[in-house]
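Breakdown of the fold
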Amino acid sequence: MIVVELRLLVRRRRVWLCWALLCALPALVAVLLAATDIVPAPGQGGAFLSAVVSNGQLFPAAALALVLPVFLPITVAIVAGDTVAGEASAGMLRYLLVRPVGRLRLLVAKLVSVAAFVLLAVLFVTLTSYVVGVAAFGFGADAAVGGAGGVTSLSGVVLTPAELAQRTAFTVGYLALCMLALGAIGLFFSTLTDSPLAAALGVLALVVTSAVLLPLDAAEAVRFYLPTTHWLAWIDLFRDPILWTAVREGAAVQAGYVLVAFGAAWANFATKDITS
Amino acid sequence: MPDVIATHNLTKRFGRITAVNGLDLRVPTGARFGLLGPNGSGKTTLVRMLLGLVHPTSGSVELFGHPMPRRAATVLPRVGALVENPAAWSHLSGRSNLRLLDSAGSGGRRRDRRARIAEALDRVGLGGVDERPVRSYSLGMRQRLGIAAALLRDPDLLLLDEPTNGLDPRGIGEMRELLLRLNADGTTIVLSSHLLSEVEALCTRVGLMDAGRLVLTEDLDELRAPTGRVLVRTPDAAAVLGMLDGRVVGRDGDVLLVRTDDAGGLNARLVASGIRVTELSPQRRSLEQVVLELTGASADRVEVRGDPAGRRSGRRVAGTGRADPQPGPGPGPGPGPTVTDGETVRGLRPMPAPEPNLGTEHSEPRHRAEPRADRRAGRRAAQ
């Protein structure tokens, strides 16, 4: 079933469109920056953007910061909301279940396909933006210390390209986990309704709610557990030495979301009457 | 013979609505079983419960002697199903659809998958289908694809909900032949439909549902046994009336309905009396008549609440449904027999009933006894 799900995933035009758009936004930003040379001042604009012009290798990090707040959640919401509700509205859910595919197996396969989608999404953004970044801004050979290709970390210490690659890999993993948490919530919503759109909008409503509560002092008590709170913790991965605390906490919260949301999806779906 | 399907006191409630109510259904192995009933009578909910898609509120389902949905993993590989209407991943070709569907469930032998898919497509007449996405298929092609999906694993039981939807007459004929062939090879077939002619042509046994209950299970031959009346067409109708006064229960022009078990004897007597008989046959009830007698208005018809005269009261005949639908002998040359009689006279085939002559309703007591709404609703269901 998992193989079937993955095949269905990669044969959907919508999925490729999502990936293409995710990669297009950072590329557009890179082209604009390179063409105009107007760079946001340090501390303003998207994270890492001001540093990008001096070294293209940092552009993947900047690109991830660009797509993270809106674009990535939207695509995840669309794909995750489509998981069960999409099959239901197409009428395939009943045929899959009488095939028979166990209901738990179906849910696991759906979650795996969402995980594959987010991981590939983050990876594609990283890879394309690396290529685009290097093409637009070069390797930053004039970096002060550390030889050609060195990148100055947020803490001021210069990172070698190998270190940078490692940290970017961590970032990819962390963001994929964050998005998977959102995807699991989408999967749960998707079992509640037969309309993929409703499920996707539910996920987005949750993201917006969380983003609204985040800066609110009155929401201090729940802030730690909001899904979006830890989304930016990966920036600490670009410090030297890496500040693991926030990343670790964030990973724990996001993993908790995956577990709880998947459990809720299973609890709802296991005994649900399939009337679609 | 063991039963393929056995339900015991099966009940399903959706909120305040009872979709299926205390159903005891048995389908023996090797049968061709037709599940009939007006729209909204609970057929689809029943099929979904048999397949474990919907969980019963109370009661139990057994397929092949195994409880459902607990043993779904062992039972369902032996079942092929078409539920309500066919579905497919519309961006993929028919072949890809079958390939993915087959590999989705356990138990599919991977090695002969390609061959099985080719065979299933061949059987339903889609053998030469190309790689067009299902999106571009016609309704009939989708229907065929749905049946191919049901046949993919050589099931012992085929549960088909409206399998001829969207097929043209030739396609319907092909499907009937296919199902008969499969049945001859030992596949039990359960066909849910409101197309009476389909069921009449294919099934050996019918179950009739109304308002969530199974109001009748009977072999089709039993249902269509002679009714104890004989249709006589004669240009000398008046003479016959004089001769057989009291035994003529209906008249429509030169066609008379005579109450007798002995058609041959009647014929001899008429001919002996010099009466010209152009046509004479024992009356058989069509499936449509049985269905209309036993079922109420279909659920897709919504009456005004508090309608006077109890239109929904429905004339229901208890028991096997073979009780006389029109009690009381028709007096001599009345304005004509009831609508259902007229139908039997003409074709002995189910067809839409003619518009009832509203003008006669007041002068003819027999008509008034029959709830009008019921008859109309039944006609809708039959179409």
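Residues numbered from 1 in each chain as written. Chains lettered and ligands numbered in written order. Predicted model: local features only at pLDDT ≥ 70, side-chain atom pairs only at ≥ 80, totals over all residues.

**Here we look at the sheet that holds strand β13 (residues 248–252) of chain B**
Residues and elements named next belong to chain B. Spelled out, the test is: Strand pairing requires that DSSP identify at least two bridges connecting the strands. In this description a helix means any DSSP run of H or I spanning at least four residues, a strand means any run of E spanning at least two, and both kinds are numbered starting from the N terminus. Lines fitted to C-alpha atoms define the axes here, with helix axes fitted over just the stretch in contact, and angles between the N-to-C directions of these axes take values from 0 to 180 degrees. Whether two residues are in contact is decided by their C-beta atoms, placed from the backbone, lying within 7 Å.
Judged by pairing direction, the sheet is antiparallel, and its 4 strands sit side by side in the order β13-β14-β12-β15 without closing on themselves. What marks the edges here is a single partner per strand, and that holds for β13 and β15 (279–284). Strand-to-strand twist across the sheet, computed as the mean angle between neighbouring axes with direction ignored, equals 25°. Note: strand β12 (residues 226–233) against β15, 5 bridges, orientation antiparallel. Across the sheet, residue Pro 226 finds its bridge partner in β15, namely Arg 284. This element, helix α10 (residues 263–272), spans β12, β14 (255–259) and β15 of the sheet and lies at about 155° to β15.

**Looking at the packing of helix α5 (residues 71–90) of chain A against helix α7 (residues 103–137) of chain A**
The packing of two helices is summarised by the inter-axis angle and the distance between the axes. Residues and elements named next belong to chain A. Worth spelling out the cut-off: Throughout, the term roughly parallel applies to angles under 35 degrees, roughly antiparallel to angles over 145, roughly perpendicular to angles from 65 to 115, and oblique to all others. Crossings are assigned a handedness: left-handed for a near helix turned anticlockwise from the far helix by less than a right angle, right-handed for a clockwise turn. When residue character is reported, Ala, Val, Leu, Ile, Met, Phe, Trp, Tyr, Cys and Pro are called nonpolar, Asp, Glu, Lys and Arg charged, and the others, Gly included, polar.
The geometry of α5 relative to α7 is characterised by a closest axis approach of 10 Å and an angle of 160° between their N-to-C directions. One way to sum up the angle between α5 and α7 is to call them roughly antiparallel. With respect to the hand of their crossing, α5 and α7 are arranged in right-handed fashion. Between α5 and α7, the residues in contact are Leu 72, Thr 75, Val 76, Val 79, Ala 80, Thr 83 and Val 84 and Lys 110, Val 114, Phe 117, Val 118 and Ala 121, respectively. Residues that form the contact of α5 with α7 fall into these classes: 9 nonpolar, 2 polar and 1 charged.

**Some points on the nonpolar core**
Operational definition: Residues enter a nonpolar core if they are buried, belong to Ala, Val, Leu, Ile, Met, Phe, Trp, Tyr or Cys, and are joined to the set through C-beta atoms within 7 Å. Between the buried cut of 20 or more and the exposed cut of 12 or fewer other C-beta atoms within 10 Å of a residue's own C-beta lies the partly exposed class, and all C-beta atoms are placed from the backbone.
In this structure, A:Leu175, A:Ala184, A:Leu187, B:Leu50, B:Ala148, B:Leu159 and B:Val190 are the most contacted members of the largest nonpolar core, which totals 165 residues. Considering each element in turn, this core owes the most residues, 16 residues, to helix α8 (residues 161–192) of chain A. What B:Val190 contacts, discounting residues up to four positions off in sequence, is B:Ile5, B:Val27, B:Phe33, B:Leu35, B:Leu158, B:Leu159 and B:Leu160. Membership of the second largest hydrophobic core comes to 11 residues, among which are B:Val232, B:Val240, B:Val255 and B:Leu266.

So, to be careful, I would describe these as geometric facts and stop short of saying anything about function.
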